[in-house]
Amino acid sequence: MRWLWTPAWIARHVAMVVLVVGFLGLGWWQISRAAAGNSLSWGYAVEWPIFAGFVVYVWWREVRLARRNAEAAAEPPADPADAPAVEPAPAATIGARPAVRRPVRVARVPVDGAPGDDADLAAYNDYLSWLNANPGAKPGDYPG
């Protein structure tokens with residue numbers, strides 16, 4: 001459990017405690033405002049403790065993930081000669097990461113017809129070239 005006391009983890013622990021105390025304090029403040037007659041504050045009084053619970057949940061998940069990674073790193077690598085011959089599990093098992101594979105090449109098929117066959121596209125390209133040639137002109141000045 002030494003990995004929980006590194007400077008990065010101490011910063012995470014402190015951030016979690018500060019956020020939880022702050023969120024619960026804001027929830028208490030909203031309860032006092034709601035009791036004074038501000039009805040909108042009842043919603044906020046419920047919302048702030050939920051935020052605090054979410055912070056605790058994320059912190060707990062991070063601790064579990066770090067513990068799992070530390071345990072996996074501490075295990076000695078298995079000797080492949082001692083392991084029984086077992087077929088590898090398929091890549092689509094639940095909770096498994098997807099396998100990294102080579103990229104697939106896709107053949108590009110050329111479009112049938114010449115690029116100038118579309119009259120609307122040609123007119124639009126003429127309009128754009130005119131706008132480029134006349135940078136101060138307004139779209140209403142286009143002669144075409």
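Since the structure is predicted, the reported quantities are computational estimates derived from the model, not experimental observations. (Residues numbered from 1 in each chain as written. Predicted model: local features only at pLDDT ≥ 70, side-chain atom pairs only at ≥ 80, totals over all residues. Heavy atoms only, no water.)

A word on the confidence of the model for the chain
Next, step 1: With 82% of its residues at a pLDDT of 70 or more, the chain has an overall mean of 83.
Next, step 2: Within the chain, the lowest mean pLDDT, 88, falls on helix H3 (residues 119-133), and the highest, 94, falls on helix H1 (residues 7-35). (pLDDT = per-residue confidence, 0-100. Helix = DSSP H or I, 4+ residues; strand = E, 2+ residues; numbered from the N terminus.)

Re a nonpolar patch on the surface
Next, step 1: A contiguous nonpolar patch, built from Trp 5, Ile 10, Val 14 and Val 18 and spanning about 420 Å² of accessible area, is present on the exposed surface.
Next, step 2: Within the secondary structure layout, Val 14 lies in helix H1. (Patch = residues over 30% accessible without salt bridge, like charges linked within 9 Å, V, L, I, M, F, W, Y side chains within 5 Å. Areas by Shrake-Rupley, 256 points an atom, 1.4 Å probe, with all protein chains shown as cover. Salt bridge = Lys/Arg side-chain N within 4 Å of Asp/Glu carboxyl O.)

So, H3
Next, step 1: Taking 1.5 Å as the rise per residue, H3 with 15 residues should run 21 Å; its terminal C-alpha atoms sit 21 Å apart, in good agreement.
Next, step 2: Between the side-chain oxygen of the N-cap and the backbone nitrogen of Asp 120 there are 3.4 Å, and the N-cap of H3 in question is Asp 118. (Expected span 1.5 Å × (residues − 1). Polar contact = N/O pair within 3.5 Å; in protein donor to acceptor, adjacent residues only side chain to side chain.)

Description of helix H2 (residues 41-74)
Next, step 1: For H2, which comprises 34 residues, the first-to-last C-alpha distance of 50 Å matches the rise-based estimate of 50 Å (1.5 Å per residue) to within 8%.
Next, step 2: Of all the positions in H2, only Ser 41, Ala 45, Trp 48, Ala 52, Val 55, Val 63 and Ala 66 are classed as buried.
Next, step 3: Buried residues belonging to H2 abut H1. (Buried < 20%, exposed > 50% of the residue type's maximum accessible area, 1.4 Å probe, protein only. Contact = heavy atoms within 4.5 Å.)

A look at the packing of aromatic side chains
Next, step 1: Under the defined criterion, the tally for this structure stands at 6 aromatic pairs.
Next, step 2: Where Tyr 127 meets Tyr 142, the ring centres are 4.9 Å apart and the plane angle is 80°; that geometry is what we call edge-to-face. In this pair, Tyr 127 is assigned in helix H3 and Tyr 142 in the segment after H3, connecting sequence segments 15 residues apart.
Next, step 3: Residue Tyr 142 is classed as partly exposed on the basis of its relative accessible area of 26%.
Next, step 4: Plain terms: the ring middles of Trp 130 and Tyr 142 are 5.3 Å apart, the flat faces sit at 65° to each other, and that makes the pair edge-to-face. Of this pair, Trp 130 sits in helix H3 while Tyr 142 sits in the segment after H3, and the two are 12 residues apart along the sequence. (Phe/Tyr/Trp six-rings, centres within 6.5 Å; stacked < 30°, edge-to-face > 60°.)

Quick word on the nonpolar core
Next, step 1: Formed by Met 16, Val 20, Phe 23, Trp 48, Ala 52 and Val 55, the largest nonpolar core amounts to 6 residues.
Next, step 2: Of all the secondary-structure elements, those providing two or more residues to this core are H1 and H2.
Next, step 3: With residues near it in sequence (within four places) discarded, Val 20 still touches Ala 52, Val 55 and Val 56. (Core = buried A, V, L, I, M, F, W, Y, C linked by side-chain atoms within 4.5 Å.)

Observations concerning the packing of H1 against H2
Next, step 1: Between H1 and H2, the least distance of the axes is 7 Å, while the angle of their chain directions is 165°. The pairing of H1 with H2 is recorded here as roughly antiparallel in orientation. Seen from above, H1 lies across H2 with left-handed handedness.
Next, step 2: Class assignment of the residues belonging to the contact of H1 with H2 gives a composition of 22 nonpolar, 4 polar and 3 charged. (Axes fitted to C-alpha atoms, helices over the stretch in contact; angles between N-to-C directions. Parallel < 35°, antiparallel > 145°, perpendicular 65-115°, else oblique. Left-handed = near helix turned anticlockwise from the far one by under 90°. Nonpolar A, V, L, I, M, F, W, Y, C, P; charged D, E, K, R; others polar.)

Some words on the pattern of salt bridges
Next, step 1: On inspection of all chains with the given rule, the structure shows 1 salt bridge.
Next, step 2: Residues Arg 67 and Glu 71 are paired through a salt bridge, measuring 3.6 Å at the closest nitrogen-oxygen approach. Residue Arg 67 and its partner Glu 71 are both found in helix H2; the two are separated by 4 residues, about one turn of the helix.
Next, step 3: Residue classification places Glu 71 among the partly exposed residues on the basis of a relative accessible area of 45%.

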